[in-house]
Amino acid sequence: MDRGLPARELKKGSAELLILALVEARPRHGYDIGKLIESRSGGELRFNIASLYPLLYRLEKRGWIEGRWVEKAGQRRRRYYRLTAEGRRVLAAQRRNWRQFVEAIARITGVQHA
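The text that follows walks through the structure, step by step, so that each part is easy to find. (Residues numbered from 1 in each chain as written. Predicted model: local features only at pLDDT ≥ 70, side-chain atom pairs only at ≥ 80, totals over all residues. Heavy atoms only, no water.)

Right, let's get into the packing of helix α2 (residues 30–40) against helix α3 (residues 49–62). In contact at an axis separation of 10 Å, α2 and α3 are set at 115° when each is read in the N-to-C sense. Considering only the axes of α2 and α3, their crossing is right-handed. Between α2 and α3, the contacting residues are Gly-30, Tyr-31, Ile-33 and Gly-34 on the first element and Leu-52, Tyr-53 and Leu-56 on the second. In the contact of α2 with α3, the residues fall into five nonpolar, two polar and no charged. (Axes fitted to C-alpha atoms, helices over the stretch in contact; angles between N-to-C directions. Helix = DSSP H or I, 4+ residues; strand = E, 2+ residues; numbered from the N terminus. Left-handed = near helix turned anticlockwise from the far one by under 90°. Contact = heavy atoms within 4.5 Å. Nonpolar A, V, L, I, M, F, W, Y, C, P; charged D, E, K, R; others polar.)

See below:
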């Protein structure tokens, strides 16, 4: 993906959706979320810690995710985030909106899904 302004703006607009989708299946800690975004996007999307953690805190403050500290022997303490009931509703709405947006862009540009 071109690293110009449009890519950065697309990432900002989809960040909440990406995070909510990743914690839907099971609780994850911030570093894991960042690495999954990078690996599942084939390296096209990356979130640095300075932007990822404030976003996690905002989502938690909105009540869309819930975090809890977990300590494991021999490891640092980590905060694991899980989707709340409200977060599930928001995720469903964001998925619908994203699908409609992508379909509209495809109709205009002639881009077909892979």
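Here the focus is α3. Over its 14 residues, α3 extends 20 Å from the first C-alpha to the last, a length consistent with the 20 Å expected when each residue adds 1.5 Å. Among the residues of α3, those classed as buried are Leu-52, Leu-55, Leu-56 and Leu-59. Looking straight down α3, one finds that the buried residues subtend no more than 105° of arc, so they occupy a single side. Across α3 from its buried face, at more than 90 degrees, point the exposed residues Ala-50 and Lys-61. N-cap assignment for α3: the residue whose side-chain oxygen lies 3.1 Å from the backbone N of Ala-50 is Asn-48. Where α3 ends, the next residue or the one after it, Gly-63, has phi of about 85°, a positive value. (Expected span 1.5 Å × (residues − 1). Buried < 20%, exposed > 50% of the residue type's maximum accessible area, 1.4 Å probe, protein only. Arc of directions from axis to C-beta. Polar contact = N/O pair within 3.5 Å; in protein donor to acceptor, adjacent residues only side chain to side chain.)

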